[in-house]
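Chains, contacts and geometry: an overview
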Amino acid sequence: MEMSVEFVAHAPAFATVAETAADVAAREALLDRAMGPKRKTKSSEKLRRGRRPSEGLAFVARNASGGVAGTVRLWDVTLGEGGPAALLLGPLAVDPSSKNAGIGSALMRHAIAEAARLGHTVILLVGDEPYYGRFGFSAARTGALAMPGPYERHRLLALELVEGVLDGAKGTLKASGRKLKARASTLAA
């Protein structure tokens, strides 16, 4: 008699898809659980407030039952006054109950690939280099750039999608994305 063992450990199934208006409430609840109440006071939030994510660059990870298990968005910014266009990534968040399932990595890889496919040249974020370094982000090219408001300089990271795009880039990041319409602000924020 053959005995089968079914203790196969694997990550729960999830799919990375474009965010929809129906995801907003679940995304906001996930961000509250994952990042806490101070998430809206961060310097990155100043660049997102009143804006829509960059066209085609807002994603969620859906779990097997269709729920939102993770989220990432990219935002249009300029590098300094009249500087080149760039993207600001964030927030990246995974539901605490789904940590270590590869969802954050899948969202990052998808966001980077889509940004490159859409012709963007550089992505910046504020985060931990030990985590984001595996995707190619580093602080090596951000020394002449700054965030509006308080932030830890060593955590301002960049990934050039086109080599050399940060040559000579300097100044404070400025929001440049599409503005929210008054009635849509609760839906798209």
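Given the structure is predicted, the values throughout are model-derived calculations rather than measurements.

Digging into the pattern of salt bridges
All told, the structure shown has 14 salt bridges when counted by the stated rule. For Asp 32, the salt bridge goes to Arg 39, with nearest N and O atoms at 2.9 Å. Look at Asp 32 and you get partly exposed, because its relative accessible area is 43%. Note on Arg 39: relative accessible area 9%, which makes it buried. A salt bridge links Arg 141 to Glu 160; the nearest nitrogen and oxygen atoms lie 2.9 Å apart. Here Arg 141 is found in the loop between α4 (129-132) and β7 (145-146), whereas its partner Glu 160 is found in strand β8 (residues 156-160), with 19 residues between them in sequence. Relative accessible area serves as the criterion here: at 22%, Glu 160 is assigned to the partly exposed category. Because the salt bridges share partners, they merge into one network encompassing Glu 19, Arg 27, Glu 28, Asp 32, Arg 39 and Arg 73.

Remarks on helix α1 (residues 24-35)
In this model α1 runs 16 Å from its N-terminal to its C-terminal C-alpha over 12 residues, within 8% of the 16 Å that 1.5 Å per residue would give. All of the buried residues in α1 are Val 24, Arg 27, Leu 30 and Leu 31. Considered in projection along α1, the buried side chains sweep an arc of 125° and stay on one side of the axis.

Things to note about the pairing of strand β3 (residues 68-79)
Taking burial as the measure, the 12 residues of β3 include 12 buried ones, the bulk of the element. In terms of strand pairing, strand β2 (residues 58-63) meets β3 through five bridges, oriented antiparallel. Along β3, the bridge assignment pairs Ala 61 with Gly 70. Linkage of β2 to β3, two consecutive antiparallel strands, is achieved through a turn of four residues, within which Gly 66 is found at a positive phi near 90°. Summarising the sheet, β3 and strand β5 (residues 93-94) pair through two bridges and their orientation is antiparallel. Counted as the bridge partner of Gly 70 is Val 94 from β5. Examined bridge by bridge, β3 and strand β4 (residues 85-89) share five bridges and lie antiparallel to one another.

A short note on the side chain of Arg 73
Mapping Arg 73 onto the fold places it in strand β3. Side chain to side chain, Arg 73 and Glu 19 meet in a polar contact 2.7 Å long.

Concerning helix α3 (residues 103-117)
An ideal rise of 1.5 Å per residue puts 21 Å on 15 residues; α3 measures up with 21 Å between its terminal C-alpha atoms. Burial in α3 covers these residues: Ile 103, Gly 104, Ser 105, Leu 107, Met 108, Ala 111, Ile 112, Glu 114 and Ala 115. Immediately downstream of α3, the backbone of Gly 119 shows phi near 90°, a positive value.

Notes on the nonpolar core
One finds Leu 74, Leu 89, Met 108, Ile 123, Tyr 132 and Phe 137 to be the most contacted residues of the largest nonpolar core, which totals 24 residues. Of all the elements in the fold, those that place two or more residues in this core are β2, β3, β4, α3, β6 (122-126) and β8. Examining the composition of this core, we find that six residues originate from one element, α3, more than from any other. If sequence neighbours within four positions are ignored, Tyr 132 has contacts with Leu 92, Met 108, Leu 125, Gly 127, Phe 137 and Leu 157. Core analysis: the second largest hydrophobic core is formed by 16 residues, Leu 47, Val 77, Leu 124 and Leu 173 among them.

Observations regarding the packing of aromatic side chains
This model, assessed by the stated rule, comprises three aromatic pairs. Three or more aromatic residues link up through ring pairs in this structure, and these residues are Tyr 131, Tyr 132, Phe 135 and Phe 137.

Some words on the confidence of the model for the chain
Residues of the chain with pLDDT of at least 70 account for 89%, and the chain-wide mean is 88. Within the chain, β8 carries the highest mean pLDDT (98), whereas helix α5 (residues 185-188) carries the lowest (46). Scored below 50 in pLDDT, residues 1-11 shows one contact in the model against residues more than four places distant or in partner chains. Low pLDDT, under 50, characterises residues 184-189; the stretch is placed with 11 contacts to residues that sit more than four places away or in other chains.

Reading the values: rules and limits
- Residues numbered from 1 in each chain as written.
- Predicted model: local features only at pLDDT ≥ 70, side-chain atom pairs only at ≥ 80, totals over all residues.
- Heavy atoms only, no water.
- Salt bridge = Lys/Arg side-chain N within 4 Å of Asp/Glu carboxyl O.
- Buried < 20%, exposed > 50% of the residue type's maximum accessible area, 1.4 Å probe, protein only.
- Helix = DSSP H or I, 4+ residues; strand = E, 2+ residues; numbered from the N terminus.
- Expected span 1.5 Å × (residues − 1).
- Arc of directions from axis to C-beta.
- Pairing = 2+ DSSP bridges.
- Polar contact = N/O pair within 3.5 Å; in protein donor to acceptor, adjacent residues only side chain to side chain.
- Core = buried A, V, L, I, M, F, W, Y, C linked by side-chain atoms within 4.5 Å.
- Contact = heavy atoms within 4.5 Å.
- Phe/Tyr/Trp six-rings, centres within 6.5 Å; stacked < 30°, edge-to-face > 60°.
- pLDDT = per-residue confidence, 0-100.

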